[in-house]
Amino acid sequence: DVKVTQSSRYLVKRTGEKVFLECVQDMDHENMFWYRQDPGLGLRLIYFSYDVKMKEKGDIPEGYSVSREKKERFSLILESASTNQTSMYLCASSFEGEWHGELFFGEGSRLTVL
Amino acid sequence: SQQGEEDPQALSIQEGENATMNCSYKTSINNLQWYRQNSGRGLVHLILIRSNEREKHSGRLRVTLDTSKKSSSLLITASRAADTASYFCATDPILTGGGNKLTFGTGTQLKVEL
């Protein structure tokens, strides 16, 4: 079974702190994604990557950056956390050969910024 | 803006009844997918229907797609309490430049009562 693992299920940070959210997948997927999920807004794409060291902006990249140094790992970075970044963050991955196939999601990381 | 919009936002039924959820979208698509999310967890892929398909079945799930109306429906037959979850449709719009950039709706919250 494909497994997508997010490093922290729950985090509490203070405004201005730098936050790292880590995601690792074990199925050699080329594509990886970061979404945030907020009530009433559904899932919104922050960044995605289709190869090592490659990244593309999604719909809401402001205030975030990403890193993909290894194929299996995709990190989301909040350079200076703000209260409006309190949210559930979901990492996902998919096969390169299935550009338009299913996404495999991690369990999510619920971030609270005080 | 959200590509897919689910209807209804919330649905409460008795165990054994059928549950129908609808999804409308705005632009032409390669495929449409349905996902399920248990409270506080990640999303799990249920079914994918391609733009040239009209109906698809998977166990107790039946999905239809009407590209002329830009809409889809998910039917869960003989519902169980364990089906209680949020259900999201996700569309893969044509002309996004690849990258499997699914766009998610805001979801339907299904509650199945004993």
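All of these numbers come straight from a predicted model, not from anything done at the bench. (Residues numbered from 1 in each chain as written. Chains lettered and ligands numbered in written order. Predicted model: local features only at pLDDT ≥ 70, side-chain atom pairs only at ≥ 80, totals over all residues. Heavy atoms only, no water.)

Looking at the overall build of chain A
Now for step 1: In terms of helices and strands, chain A carries 0 helices and 11 strands.
Now for step 2: Expected size for 114 residues packed as a compact globule is a radius of gyration near 13 Å; at 13 Å, chain A falls within 12% of this value.
Now for step 3: Taking the principal axes of the C-alpha coordinates as reference, chain A spans close to 40 × 30 × 25 Å.
Now for step 4: Within chain A, the proportion of its 114 residues that are buried is 46%.
Now for step 5: At a minimum sequence separation of 6, the contacts of chain A that also span at least 24 residues come to 56%.
Now for step 6: Of the roughly 5500 Å² of accessible surface on chain A, 50% is carried by carbon and sulfur atoms.
Now for step 7: The distance from the centre of the 15 positive side-chain charges to the centre of the 18 negative ones in chain A is 8 Å. (Helix = DSSP H or I, 4+ residues; strand = E, 2+ residues; numbered from the N terminus. Rg over C-alpha atoms; globule rule 2.2 N^0.38 Å. Buried < 20%, exposed > 50% of the residue type's maximum accessible area, 1.4 Å probe, protein only. Contact = heavy atoms within 4.5 Å. Areas by Shrake-Rupley, 256 points an atom, 1.4 Å probe, with all protein chains shown as cover. Lys, Arg positive; Asp, Glu negative; His and termini not counted. Charge placed at Lys NZ, Arg CZ, Asp CG, Glu CD.)

With respect to the environment of Asn22(B)
Residue and element names in this part refer to chain B.
Now for step 1: Within the secondary structure, Asn22 sits in strand β3 (residues 19–25).
Now for step 2: Taking the C-alpha atoms as reference points, Asn22 and Pro8, separated by 14 residues in sequence, lie 7.1 Å from one another.
Now for step 3: Not counting residues up to four positions away in its chain, the partners in contact with Asn22 are Glu5, Glu6, Asp7, Trp34, Ser72 and Ser73.

With respect to unusual backbone geometry
Now for step 1: Across the junction of Asp7(B) and Pro8(B), the peptide omega takes the value 0°, indicating a cis bond.
Now for step 2: Tracing the chain through its elements places Pro8(B) in the loop between β1 (4–7) and β2 (10–14).
Now for step 3: Even without being a glycine, Asp28(A) presents a positive backbone phi close to 60°.
Now for step 4: Here Asp28(A) is to be found in the loop between β3 (19–25) and β4 (31–38).
Now for step 5: Its identity as a non-glycine residue notwithstanding, Lys70(B) has a phi of 55°, on the positive side.

With respect to the pattern of salt bridges
Pairs may arise between side chains of opposite charge once their charged atoms sit close together.
Now for step 1: Scanning all chains against the criterion turns up 12 salt bridges over all chains.
Now for step 2: For Arg41(B), the salt bridge identified is with Glu107(A), shortest N-O distance 2.3 Å. With Arg41(B) in the loop between β4 (29–37) and β5 (43–50) and Glu107(A) in the loop between β10 (104–105) and β11 (109–113), the pair connects residues from two separate chains.
Now for step 3: On the basis of relative accessibility, which here comes to 29%, the residue Glu107(A) falls in the partly exposed class.
Now for step 4: A single salt-bridge network, built from bridges that share partners, covers Asp28(A), Glu30(A) and Lys71(A). (Salt bridge = Lys/Arg side-chain N within 4 Å of Asp/Glu carboxyl O.)

With respect to the interface of chain B and chain A
Now for step 1: Across the boundary between the two partners, chain B contributes 22 residues, which contact 25 residues of chain A.
Now for step 2: Of the roughly 1800 Å² buried between chain B and chain A, counting both surfaces, carbon and sulfur atoms make up 52%.
Now for step 3: Counting across the interface, chain B meets chain A through 1 salt bridge.
Now for step 4: One can count 6 residue pairs in polar contact (both at pLDDT 80 or more) joining chain B with chain A.
Now for step 5: Residues belonging to the side of chain B that touches chain A are distributed by class as follows: 6 nonpolar, 13 polar and 3 charged. (Buried area = accessible area lost by both parts, 1.4 Å probe. Polar contact = N/O pair within 3.5 Å; in protein donor to acceptor, adjacent residues only side chain to side chain. Nonpolar A, V, L, I, M, F, W, Y, C, P; charged D, E, K, R; others polar.)

Regarding the pairing of strand β8 (residues 73–78) of chain A
Residues and elements named next belong to chain A.
Now for step 1: Counted residue by residue, β8 has 5 buried out of 6 residues, so it is predominantly covered.
Now for step 2: Taken together, the 6 bridges between β3 and β8 define a ladder with antiparallel strand orientation. Paired with Val19 across the two strands is Leu78, which belongs to β8.
Now for step 3: Pairing of strand β7 (residues 65–70) with β8 involves 4 bridges; the strand directions are antiparallel. Its bridge partner being in β8, Ser67 is matched across the sheet by Ser75.
Now for step 4: Linking β7 back to β8 in an antiparallel pair, the connection comprises 2 residues. (Pairing = 2+ DSSP bridges.)

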